[in-house]
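Observations on chain architecture
Chain residues, written in single-letter form:
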Amino acid sequence: MPELSVEVSFSYGRKRILEGASFSARKGELLSIIGPNGAGKSTLLKCIVGILRPTGRVSYDGVDLLALKPRERACYVAYVPQSSFPEFAFTVEEFVEMGTYATGGDVRDALERVGLWERRGELITRLSGGEYQLALIARALAQGSDVLLLDEPTSHLDVNHAVSIMELLEELKEEKVVVTVLHDLNLALQYSDRIVILREGRVFWEGRREELEENVLGAVYGIPLRIREVEGRLVVVP
Ligand SMILES: Nc1ncnc2c1ncn2[C@@H]1O[C@H](COP(=O)(O)OP(=O)(O)OP(=O)(O)O)[C@@H](O)[C@H]1O
């Protein structure tokens, strides 16, 4: 099965941010990257999508993504950045169309997947935070790539919208390699098939969610954390 395979190092000037951070991901499993503030999670995604130029290796299905031109790389990887307020008053449809620039993907399908097709004529500046997050995901889906990277897609969202985003990712993992940075440990434990914990630019722990132990979380975040099972679901209690 095609696999996203990553092993990268990256520095801002003299400041080492990623040090041989490595993981692999494939379709059929939702992979979450968690870890404390400043661990390098966003930097790792930016290296994979090619916004930053790391040393090391990023490949998908044997193709060296770091060697490709941006437009070629866009055929393989789409990226949903941390949500910020939109700069321009495009309509929802125009905004999502931007995702098709490199690959000529399907705008209607992308908008339908996130439930915004009926609202395609509205201005994105008038959407709520949760709806705008969906538009960002639709723009990435319209790229039609096999790999989807998301940077904290549930931050600033209420629990209802956060759950809908995670359910959408659960659906998408069947057809794409889905890798998401998450801060919410409970969402990570509930929805991820595999978890990668990044700490000080390295992978500190990686495994299936049910293998994650309290002492690992405690060591990473620096406070005692309990993992409890509530109605068959794992929850983290400070
Ligand atoms: N443009 C930049 N120039 C210099 N240092 C930077 C720059 N962007 C980020 N950093 C530093 O890189 C480190 C990793 O940042 P990054 O945003 O990848 O962490 P993160 O794990 O995503 O954090 P958070 O959970 O707070 O979003 C931080 O120490 C940050 O200060």
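Residues numbered from 1 in each chain as written. Predicted model: local features only at pLDDT ≥ 70, side-chain atom pairs only at ≥ 80, totals over all residues.

- Looking at an unreviewed UniProt entry, one finds the chain named Iron (III) ABC transporter, atp-binding protein, with Pyrococcus yayanosii as its source organism.

Regarding the UniProt feature "domain: ABC transporter" (unreviewed entry) in the chain
- Cross-referencing UniProt, the feature "domain: ABC transporter" (unreviewed entry) maps to residues 3–225 in the present numbering.
- The annotated region residues 3–225 carries 31% helix and 28% strand content, and the separation between its end C-alpha atoms amounts to 33 Å. (UniProt positions renumbered as here; feature names shortened; annotations may be inferred. Helix = DSSP H or I, 4+ residues; strand = E, 2+ residues; numbered from the N terminus.)

A word on the site of the ligand
- Taken together, the neighbourhood of the ligand is formed by Tyr 12, Lys 15, Ile 17, Gly 35, Asn 37, Gly 38, Ala 39, Gly 40, Lys 41, Ser 42 and Thr 43.
- Elements with a minimum of two residues in the shell around the ligand: β2 (15–26) and α1 (41–49).
- Per-element accounting of the shell around the ligand gives the leading share, three residues, to α1.
- Residue composition of the shell around the ligand, by class: three nonpolar, six polar and two charged. (Near = placed C-beta within 6 Å. Nonpolar A, V, L, I, M, F, W, Y, C, P; charged D, E, K, R; others polar.)

Concerning the pairing of strand β9 (residues 194–199)
- Summarising the sheet, strand β3 (residues 30–34) and β9 pair through four bridges and their orientation is parallel. Within β9, the position partnered with Ile 33 by the bridge is Val 196.
- Where β9 meets strand β10 (residues 202–208), six bridges bridge the pair, whose relative direction is antiparallel. If you follow Arg 199 over to β10, its bridge partner there is Arg 202.
- Counted along the chain from β9 to the antiparallel partner β10, the turn is two residues long, and its residue Glu 200 has a positive phi close to 50 degrees. (Pairing = 2+ DSSP bridges.)

Here we look at the sheet that holds strand β5 (residues 63–64)
- Across the sheet, four strands lie side by side as β2-β1-β4-β5; this open sheet has antiparallel pairing. Sheet topology places β2 and β5 at the edges, where each strand pairs with a single neighbour.
- Pairing geometry for strand β1 (residues 3–12) and strand β4 (residues 55–60), over six bridges, is antiparallel. Counterpart to Ser 9 in the pairing with β4 is Thr 55.
- Contacting β1, β2 and β4, α1 runs over the sheet at an angle of about 65 degrees to β2. (Contact = placed C-beta atoms within 7 Å. Axes fitted to C-alpha atoms, helices over the stretch in contact; angles between N-to-C directions.)

Topic: the nonpolar core
- Ile 48, Val 77, Val 96, Ala 135, Ala 138 and Leu 149 are the most contacted members of the largest nonpolar core, which totals 70 residues.
- For this core, the element with the most residues is helix α5 (residues 129–141), which contributes eight residues.
- For Val 96, the residues in contact, after removing those within four places along its chain, are Val 107, Ala 110, Leu 111, Ala 135, Ala 138, Arg 139 and Ala 142. (Core = buried A, V, L, I, M, F, W, Y, C linked by C-beta atoms within 7 Å. Buried ≥ 20, exposed ≤ 12 C-beta atoms within 10 Å, placed from the backbone.)

Overview of the packing of helix α4 (residues 107–114) against α5
- At a closest axis distance of 8 Å, the pairing of α4 and α5 adopts a crossing angle of 145 degrees. As for the relative orientation of α4 and α5, their crossing is right-handed in sense. Note on element contacts: α5 touches α4 through Leu 134, Ile 137, Ala 138 and Leu 141, opposite Ala 110, Leu 111, Arg 113 and Val 114.
- Its residues assigned to classes, the contact of α4 with α5 comprises seven nonpolar, no polar and one charged. (Left-handed = near helix turned anticlockwise from the far one by under 90°.)

Quick notes on the environment of Leu 45
- By the secondary structure assignment, Leu 45 is in helix α1.
- Looking at Leu 45, the number of C-beta atoms within 10 Å reads 25, which means it is buried.
- Sequence separation between Leu 45 and Val 177 is 132 residues; the distance between their C-alpha atoms is 13 Å.
- Setting aside chain neighbours within four positions, we find Leu 45 in contact with Tyr 79, Leu 149, Asp 151 and Val 181.

Remarks on the environment of Ser 83
- Inspection of the secondary structure assignment puts Ser 83 in the loop between β6 (77–80) and α3 (92–97).
- Assessed through the 19 C-beta atoms surrounding it within 10 Å, Ser 83 is described here as partly exposed.
- Distance in space between the C-alpha atoms of Ser 83 and Gln 133 is 6.5 Å, their sequence separation being 50 residues.

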